[in-house]
Amino acid sequence: MSGWIGRKLEMAALVLVIIAVVAAPLSGSRLLVYYFTITALYASVVIALNLLLGLAGQVSFAQTTFMAIGGYGTALMTVRLGLNPWLATLLAMLLATLAAFVIGRPLLRLRGHYLSMATFALALGTYSFVTAAMGLTNGGIGISGIPPLEIGDVSFAEPRTFYILSWIFCALVLAGYMLLAESHVGRAWRALATGQDIASTLGIDVPGLKLMAFVLAAIVASVVGSLYVEFTSFVGPDLYDINIILSLFFMLFVGGRGSTVGPIIGAGIVVIVPQLMSGLERYQNLIFFVILLLLLLIRPAGLLGRMRESVPLTALLPGWLRVTREGGTA
Amino acid sequence: MSAPPELKLHGVTKRFGGIVAVTDVSMALTAGSVTGLIGPNGAGKSTLINLVSGFRRPDTGRIMFADHDLTRLDPSAIARLGISRTFQQAAPLVGLSVIENVMVGLHTRYRSGLGSIVLRSPAMRREARANAQTAYALLEQFGLAADVHAEASDLPFGKLRFLELARAIGMQPQVVLLDEPAAGLNRVETDRLAALIRVLRDRGITVLLVDHDVPFVFGLCDQVVVMNFGSVIAAGKPDDVYGNPAVREAYLGGEDQEAAA
């Protein structure tokens, strides 16, 4: 059964992730710990995006907007108002939840590409706003001096401590995703992703369930936005650039839509692979995108995505180079 | 137990642009009966099902189910009142297994919220187990026990029809609207479908059946409604309707001529 193979692949990927996460700090490389920390944070956002897109089938570009609410919300509340960073994280999360309701409710009632178009505009608008609203956000200069999270004497400014915190958060998000995915709610999400009319004839509240997925994704994005700036102590517009939202989609598509561990693998690849090519400098991006393109051509469903048919490598060759079987056309 | 409520249409009219698809249709579906709706192509039968199930809104007239006015409700709200429907195309929920398809039909029976799902509360697990068993029992009843874990979209067409019906019955409807359920089925499958529809009626479920298969409809229904050009031209017991000259002229006669040609 393909389902069984899929499950084994997911298990293997999960074991690989756990080994890598345990081994990275033991290696003694500060850089590796840093990149793995970033991976954990982005992976969490991508798991939430997977819930929204992979399960519920909703294409939304609003993730960076909610990350910005978390990031700037935390920065303003701690630096300007002197609030405790934990409290600021919580308040920013509530603000993101409210924003997700206000944005999601009207958009998710509509069919078609409204959600994608409107949230894409929102993503562009978010970047312009945080760049332009000098008085509030300091524009391109950003806001620095954001205090780190602390529990008693333990400060999460220390990279290894924050590393643990970020992976615990990622594990919680993953566990939440898994529990929801196999529940009746997850099943209803998968149903309405492709069969909205059928789902509604079965009494499923389609706009309500879409909104639930949208809000959950917003909550995770906001918390990641807060954690990120509390770690680096700085927030600036570049964290919410349009490149970031595209990277999130790359992470999801490389890892595999609708797969469980895929978003972590995808985030790891998109964060770490470009660093391995740092010697190539100018061609770094080009080579990286060629790798991504090849990967998606060979496995359109992503590394861990569920595929009904595998695409042979030869299918990538031009027709005249392809070996044809039994004289048939390729 | 009190009898389930009647579904009533009062002077329902629907136009698409300049074309009147349904003209001033009134009818009542007696609770626990099977009503057949027949008529030539374009008579307005499917439009009528779309109106009752909320996929279209009537321009004038009202559709009542007990004290509920369905006229302005959306499909999901109408389904939650206990009115379920199937589609002509018998589409599966793609990417879901056969049993998952039926379990989506049971969705409204679940009471667990996000909290109990994430905390895996005993009540939530009990509920999930009970509903999985219900879904399996439905699949057995509809002759799909061997295909439980198959990908729904891999089923042959005949089985898809029964899967769709099992899914619609899963939400425990009081009324089911079946849009050409026998289309594409062979004789054996059609007979099994008729037997299943009788079982539904015996359980007190009201059935509205749109179909082209005249012997199938007349053999099964307690009441037959005939539509032509958007209007009801005859309604009553199958025998009375069958003998009605207007019906033979407009529909049965027309078909005979087609067959003769």
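Thresholds, definitions, all that
- Sequence order sets the numbering: in each chain, residues are counted from 1 along the sequence as written.
- All chains are assigned letters beginning with A, and all ligands numbers beginning with 1, in the order in which they are written.
- Confidence filtering applies because this is a predicted model: local features only for residues at pLDDT of at least 70, side-chain atom pairs given and counted only at 80 or more, and all residues used for totals across whole chains, interfaces and linings.
- Helical segments are the DSSP runs of H or I of at least four residues, strand segments are the runs of E of at least two, and each set is numbered from the N terminus.
- The reference for a compact globule is 2.2 Å times residues^0.38; the radius of gyration itself is calculated from the C-alpha atoms.
- With C-beta atoms placed from the backbone, a residue is buried if 20 or more other C-beta atoms are within 10 Å of its own, exposed if 12 or fewer are, and partly exposed between those counts.
- Working rule for helices: expected span equals 1.5 Å times residues minus one.
- Residue pairs qualify as contacts under a 7 Å threshold applied to their C-beta atoms, which are placed from the backbone.
- By this definition, two strands are paired if DSSP reports at least two bridges between them.
- Fitted lines through C-alpha atoms give the axes, limited to the stretch in contact for helices. The angle between two N-to-C directions lies from 0 to 180 degrees.
- Here the angle decides the label: under 35 degrees means roughly parallel, over 145 means roughly antiparallel, 65 to 115 means roughly perpendicular, and every other value means oblique.
- Amino acids outside the nonpolar list (Ala, Val, Leu, Ile, Met, Phe, Trp, Tyr, Cys, Pro) and the charged list (Asp, Glu, Lys, Arg) are all regarded as polar, and Gly is one of them.

S.K.: Tell me about the overall build of chain A, residues and numbers included.
M.R.: In terms of helices and strands, chain A carries 13 helices and four strands. Here the C-alpha atoms of chain A give a radius of gyration of 21 Å, agreeing with the 20 Å that 2.2 N^0.38 yields for 330 residues. Expressed along its principal axes, the backbone C-alpha trace of chain A runs to roughly 75 × 55 × 35 Å. Per-residue burial over chain A gives 46% buried out of 330 residues.

S.K.: Describe helix H5 (residues 122-141) of chain B, naming the residues involved and giving the relevant values.
M.R.: Since the α-helix turns once every 3.6 residues, residues separated by three or four places project in the same direction. All names here are of chain B. Taking 1.5 Å per residue as the helical rise, H5 with its 20 residues ought to reach 28 Å, and the 29 Å between its terminal C-alpha atoms agrees with that figure. Buried residues along H5 sit in contact with helix H3 (98-105), helix H4 (114-118) and helix H6 (157-170). Gly143 sits one or two residues past H5 and shows a positive phi near 75 degrees.

S.K.: I'd love a proper account of the sheet that holds strand E8 (residues 206-210) of chain B, names of residues and values included.
M.R.: All names here are of chain B. The six strands are arranged E6-E7-E8-E3-E9-E10 in an open sheet whose pairing can be described as mixed. Of all strands in the sheet, those with a lone pairing partner are strand E6 (83-85) and strand E10 (231-236), marking the two edges. In this sheet, adjacent strand axes meet at a mean angle of 15 degrees when their direction is disregarded. The sheet contacts of helix H7 (residues 187-202) involve strand E3 (34-38), strand E7 (175-179) and E8, and relative to E8 the element is tilted by about 150 degrees.

S.K.: Outline unusual backbone geometry, listing residues and values.
M.R.: All names here are of chain A. The phi dihedral of Asn138 falls on the positive side, at around 70 degrees, and the residue is not glycine. Mapped onto the fold, Asn138 is located in the loop between helix H6 (134-137) and strand E1 (143-144). Of note in this structure, Ser233 is not a glycine but carries a positive phi near 65 degrees. Among the secondary structure elements, Ser233 is positioned in the loop between helix H10 (206-232) and strand E4 (234-235). For Ser233, a count of 16 C-beta atoms within 10 Å gives the class partly exposed.

S.K.: Go over helix H3 (residues 63-80) of chain A with me, naming the residues and quoting the values.
M.R.: Its 18 residues give H3(A) an end-to-end C-alpha distance of 25 Å, which sits within 8% of 26 Å, the value for a rise of 1.5 Å per residue. Among the 18 residues of H3(A), 15 are classified as buried, and the element is accordingly described as predominantly covered.

S.K.: Any details on the environment of Ala88(A)? Residues and values, ideally.
M.R.: All names here are of chain A. Note that Ala88 resides in helix H4 (residues 85-107). Overall, the presence of 26 C-beta atoms within 10 Å leaves Ala88 in the buried class. Residues Ala88 and Ser226 lie 138 residues apart in sequence; the distance between their C-alpha atoms is 8.2 Å. When neighbours within four sequence positions are excluded, Ala88 is seen to be in contact with Gly73, Thr74, Met77, Thr78, Leu83 and Ser226.

S.K.: Give me the sheet that holds strand E4 (residues 60-65) of chain B: which residues, what numbers.
M.R.: Residue and element names in this part refer to chain B. Spatially, four strands are ordered E2-E1-E4-E5 in an open sheet, and the strand pairing comes out antiparallel. At either end of the open sheet lies a strand with only one pairing partner, and these are strand E2 (19-29) and strand E5 (68-69). In this sheet, E2 lies alongside strand E1 (residues 7-16) in antiparallel orientation, the contact comprising seven bridges. Across the sheet, residue Val12 finds its bridge partner in E2, namely Val25. Contacts between helix H1 (residues 45-52) and the sheet are confined to E1, E2 and E4, with E2 contributing the most and set at about 65 degrees to the helix.

S.K.: Account for the packing of helix H2 (residues 30-55) of chain A against H10(A), with residues named and values stated.
M.R.: Helix-helix packing is characterised by the crossing angle of the two axes and by the distance between the axes. Residues and elements named next belong to chain A. In the contact formed by H2 and H10, the axes pass within 9 Å of each other and the chain directions differ by 170 degrees. What the angle tells us is that H2 and H10 run roughly antiparallel. In this structure, H2 contributes Leu41, Ser44, Val45, Ala48, Leu49, Leu51, Leu52 and Leu55 to the contact, and H10 contributes Ala213, Phe214, Leu216, Ala217, Val220, Ala221, Val224, Leu227 and Tyr228. Of the residues that constitute the contact of H2 with H10, the class distribution is 16 nonpolar, one polar and no charged.

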